[in-house]
Amino acid sequence: MPENSTEVTAAGIARLAGVGRAAVSNWRRRHADFPKPVGGTETSPSFALPEVEQWLRDQGKLAEVPLRERVWQQLAGHPAGAVPALVHAGCALLLLRKSPTVWPEITAVSDERMAGVLSLALNDVLAACFGPAAEAGRAVHTPSRAELLPSIPLLRGVAELAAETGARQTFEFLLGRQLDANPRQYTLTPPGLAELMAALVETGKQPVRTVLDPAAGTGALLRAVGRPTALYAQETDPDLAALTALRLALLADPDDRCALAVRTGDTLRADAFPRLAADAVLCHPPFNERNWGHDELAYDPRWEYGFPARTESELAWVQHALAHLREGGTAVLLMPPAAASRRSGRRIRADLLRRGALRAVVALPAGAAPPYGIPLHLWVLRKPGSGLHPSPELLLVDAAEPAESPSAGPAAAAPSGGRDRLDWQAVHSAVLDAWQSFEDRGEGGDERAGTGGSGRADRTDPGHPLGVRPGVSRAVPVIELLDDDVDLAPARHLPPPAAAGGPAELIRVRERLTETLGLTGTLTPPAVTLSAPAHWPLTTVGELARAGALQLRTGGSGTGPVPVLTEHDVLASTAPSGSLPVDGPPEEPVLVEPGDVVVPVLGGGSVARVVDDATAGAALGRNLQLLRPDPAALDPWFLAGFLRGTANNRQASSYASTATRLDARRLQLPRLPLAEQQRYGERFRALAEFEDALRLAGRLGGQLVQGMYDGLTDGTVAPK
């Protein structure tokens, strides 16, 4: 085995071969020639990747390792660690993009020679992108020959993959895999939130050319800005700073003249851009930090609106952002909801309001960003100036609970909050419409409208005064907020929404509930006929797959504009609600077809969904497995029905430290003729229709009950 050969774990072997980890364990037990561990621990051993690849080929279990999988395994098993390897890959991709004609000359030599030549070539490219190597705090240092030597096989593969998919897409794929493999190590800003924050600073009439992110993380916020002329970023973690710098450099078009400055260091204690006055600041700061520099920074000139308390680190970031704006520049910060109401921050909040620096507070749905269980806020700020008049109002927006239509069917009643289940289009529309209307009105509109007086009708809600959308948004006079608490939580100042859309909507919900309850009565299964337990000959899904009676596919990859059938959609029996990335590596998603049976692999629940014509064409999401039966051999409803048996699921489930995982190959089915399968299938189909009707009745009943409570308490429904 070559020295410093890439190692791979059992999970990596399973990914290479397209099987479960249990299959890898079986191979180790049953085959004496299976490669021996070369590292890791007794409970989590690692194996030499070249030996594993050769063994899989010899056994006929792998014709060829996909290039992108081989590159990822080389990166994940790099002797120096995945992050340094990813930085080396990003540097090589940057060179490949900036100087494509140089790369063939560099690679046409031995690995040892290539490492030395590559280090010299990278020094020039990195200096051109990020400044001289001696510049203090430069995020990406030039790797030496010794550092690059173990990475040469990886870099050759990275260049080969870039030739297929593009340099930027290759880096995004590898970075995405690294982030997915270490979810607790990074605090991410989801793309939907990053796009919303960028849109808020780009809605003004002044162009946004220079943008700063003082807590850059993985660069998601700056990545969402459209065609700036200069990007500035600072990040405390050196590894993240390097990855962000490379990501942003690879994002820019080769013909763009966008300047890029990414620095490493503690932003509050050691500001890398002390004299910068940017057009916009975007920031997802760390929350609830006690050790942010309170003692050392007591007399810092940035505290123009008051010295933040030790527990108010977020207000320190707010003032840091304002200090780096030009007059009239806009900042958008993601904030914990407590920052809007903690008593320790009320004086700073009051001064931000009096001087017109704080323009809007937006409550987001839970699940918008980590921590996912909390409905976070966005603060929109504007740098006051001599030629600017302080706004007499503050825009408050509550997008935490987007309205749902109970008449839109089961899909409309799906939970709106939660990670990976947000309707970002609805959130963007609610927030940006309110902000644009508020901005337009601030340029000469009726300033009395926010108090509920006469004025132009709000274009987003013609029935209410300008600036007011009950339960959604309101322009609140600053004087109303300057009390003892200076509480800026939107929900406490917004007019309540009409109960479930108003009394007329309640009537429609009640009528539909009555209709649905009548349907459940007709769908109720007939009287049960008891019989002795059956003793059928059994087979497994794995055996049927090997015999060609069905195909097994797993979801979670691909790019494109098609909707995604998510795990939540299957569990809740709703329409596909997810989406695929549009700029990742080109990979064909698994598209579902009518008659497919989709099974969640996590949670150990007995759920199986048969794909209908309305769902067909959607992409299969993560943590889902698809069973595509041959209609000449298997009835799909028969298959789905027997997969839902409780005993069947218990037998096919395994237990990890925090979750139950279903191995679909171990699920059992009786061997029955197709005609008998179809007889069972009809009964299973009827049960599924009954279950859907019960689920819809439950949702409509909940809406009716809550709507009645709301109507009775706000006076829109009379008690009689």
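Values in this document were obtained by computation on a predicted structure and should not be read as measured data.

Visitor: I'd love a proper account of the overall build of the protein chain, names of residues and values included.
Guide: In terms of helices and strands, the protein chain carries 23 helices and 26 strands. Taking all 720 residues of the protein chain together, the buried fraction comes to 50%. Within the protein chain, contacts between residues at least 6 apart in sequence are counted, and of these 71% link residues at least 24 apart. Just so you have it, the protein chain exposes about 33,800 Å², and 52% of that area is on carbon and sulfur atoms.

Visitor: If you had to explain unusual backbone geometry to someone new, which residues and values would you point to?
Guide: Following Pro370, the chain continues to Pro371 via a peptide bond in cis, the omega torsion being -5°. Counting through the fold element by element, Pro371 comes out in the loop between β9 (358–363) and β10 (377–382). Within the chain, Arg227 stands out as a residue other than glycine whose phi angle is a positive 50°. The topology assignment puts Arg227 in the loop between α12 (220–223) and β5 (230–235). Of note in the backbone geometry, Val486 takes a positive phi value of approximately 50° without being a glycine.

Visitor: I'd like to hear about the nonpolar core, residue by residue, with values.
Guide: Among the nonpolar cores identified, the biggest contains 96 residues, and Leu118, Phe130 and Leu378 are the most heavily contacted of them. With 12 residues, the top contributor of residues to this core is helix α5 (residues 82–98). Ignoring sequence-local partners within four residues, the contact set of Leu118 consists of Leu95, Trp103, Ile106, Leu148, Ile152 and Leu155. Counting 42 residues, the second-largest nonpolar core is a separate cluster that includes Ala331, Ile348, Leu488 and Leu494.

Visitor: Describe helix α13 (residues 238–251), listing the residues and the values that go with them.
Guide: Side chains of residues three or four places apart in an α-helix project in the same direction, reflecting 3.6 residues per turn. Under the 1.5 Å per step criterion, the end-to-end length of α13 is 20 Å for 14 residues, consistent within 8% with the ideal 20 Å. With 11 of 14 residues buried, α13 is to be regarded as a mostly interior element. Taken together, the buried positions of α13 are Leu240, Ala241, Ala242, Leu243, Thr244, Ala245, Leu246, Arg247, Leu248, Ala249 and Leu250. On its buried face, α13 is in contact with α5, α7 (111–130), α10 (167–181), α12, β5 and β6 (259–264). The N-cap of α13, judged by a side-chain oxygen 2.9 Å from the amide nitrogen of Asp239 a few residues on, is Asp237.

Visitor: Lay out the sheet that holds strand β3 (residues 45–48) in plain terms, naming residues and giving numbers.
Guide: The strands that make up a sheet are held in pairs by hydrogen bonds between backbone atoms, and each pair lies either parallel or antiparallel. With respect to topology, three strands assemble into an open sheet ordered β1-β3-β2, the strand pairing being antiparallel. Both outer strands of the open sheet, β1 (7–9) and β2 (39–40), are each paired with one neighbouring strand and no more. Sheet analysis places β2 next to β3, joined by two bridges and oriented antiparallel. Bridge assignment links Gly39 to a residue of β3, and that residue is Ser46.

Visitor: Kindly report on the packing of aromatic side chains, identifying the contributing residues and their values.
Guide: What the rule picks out here adds up to 12 aromatic pairs. The interplanar angle of 70° and the centroid separation of 4.8 Å between the aromatic rings of Phe34 and Trp55 together place this pair among those described as edge-to-face. Linking Phe34 in the loop between α2 (21–30) and β2 with Trp55 in helix α3 (residues 49–58), this pair joins segments that are 21 residues apart in sequence. The class for Phe34 is buried, based on a relative accessible area of 4%. A ring pair is formed by Trp536 and Tyr680, whose centres lie 6.0 Å apart and whose planes are at 85°; its orientation type is edge-to-face. Of the two residues, Trp536 is situated in the loop between α18 (503–523) and β16 (538–540) and Tyr680 in helix α23 (residues 674–714); the sequence distance between them amounts to 144 residues. With a relative accessible area of 32%, Trp536 lands in the partly exposed category.

Visitor: Kindly report on the side chain of Gln625, identifying the contributing residues and their values.
Guide: Tracing the backbone through its elements, the reader meets Gln625 in strand β23 (residues 624–629). Of the residues examined, Gln625 reaches a relative accessible area of 11% and is grouped as buried. Once residues lying within four places of it in the same chain are set aside, the contact partners of Gln625 are Leu552, Arg553, Thr554, Val597, Val598, Val599, Val601, Leu620 and Ala664.

Visitor: Pulling in residues and values, what's your account of the sheet that holds strand β17 (residues 550–554)?
Guide: Strand order in this open sheet of four strands is β17-β23-β20-β21, and the pairing throughout is antiparallel. Where the open sheet ends on each side, the last strands, each with one partner, are β17 and β21 (609–610). As paired strands, β17 and β23 are joined by five bridges and run antiparallel to one another. Opposite Thr554, over in β23, you have Gln625 as the bridge partner.

Visitor: Explain the environment of Gly578 to me, and be specific about the residues and the numbers.
Guide: Summarising the element assignment, Gly578 is placed in strand β19 (residues 578–579). Separated by 14 residues in sequence, Gly578 and Val564 have C-alpha atoms that sit 4.4 Å apart.

Visitor: Run through the pairing of strand β7 (residues 278–283), naming residues and quoting values.
Guide: Across the six residues that make up β7, a large majority, six, are buried. Pairing analysis gives two bridges linking strand β4 (residues 210–213) to β7, with the strands arranged parallel. In the strand pairing of β7, Leu212 is matched with Val281. Both β7 and strand β8 (residues 325–335) contribute to a ladder of five bridges, which runs parallel. Bridging from a neighbouring strand, Cys283 pairs with Leu333 of β8. Once you follow β7 into helix α14 (residues 313–323) and on to β8, the crossover reads as right-handed.

Visitor: A description of the environment of Glu593 should follow, citing residues and the corresponding values.
Guide: Within the element layout of this structure, Glu593 appears in the loop between β19 and β20 (597–600). Between the alpha carbons of Glu593 and Val610 there is a distance of 9.5 Å; along the sequence they are 17 residues apart. Beyond its immediate stretch of four places on either side in the chain, Glu593 contacts Val611, Ala616 and Arg628.

Visitor: Requested: an account of the confidence of the model for the protein chain, with residues and values cited.
Guide: Here the protein chain averages 84 in pLDDT, and 87% of its residues register 70 or above. Put simply, strand β12 (residues 457–458) is where the protein chain has its lowest mean pLDDT, 39, and α14 is where it has its highest, 97. Low confidence marks residues 403–418, where pLDDT is under 50. Its contacts with residues over four positions away, or in another chain, come to 33 contacts. Taken together, the stretch residues 444–466 has pLDDT below 50 and engages in 49 contacts with residues farther than four places along the chain or on a different chain.

About the thresholds
Residues numbered from 1 in each chain as written. Predicted model: local features only at pLDDT ≥ 70, side-chain atom pairs only at ≥ 80, totals over all residues. Heavy atoms only, no water. Helix = DSSP H or I, 4+ residues; strand = E, 2+ residues; numbered from the N terminus. Buried < 20%, exposed > 50% of the residue type's maximum accessible area, 1.4 Å probe, protein only. Contact = heavy atoms within 4.5 Å. Areas by Shrake-Rupley, 256 points an atom, 1.4 Å probe, with all protein chains shown as cover. Core = buried A, V, L, I, M, F, W, Y, C linked by side-chain atoms within 4.5 Å. Expected span 1.5 Å × (residues − 1). Polar contact = N/O pair within 3.5 Å; in protein donor to acceptor, adjacent residues only side chain to side chain. Pairing = 2+ DSSP bridges. Phe/Tyr/Trp six-rings, centres within 6.5 Å; stacked < 30°, edge-to-face > 60°. Right-handed = clockwise from strand over helix to strand, strands pointing away. pLDDT = per-residue confidence, 0-100.

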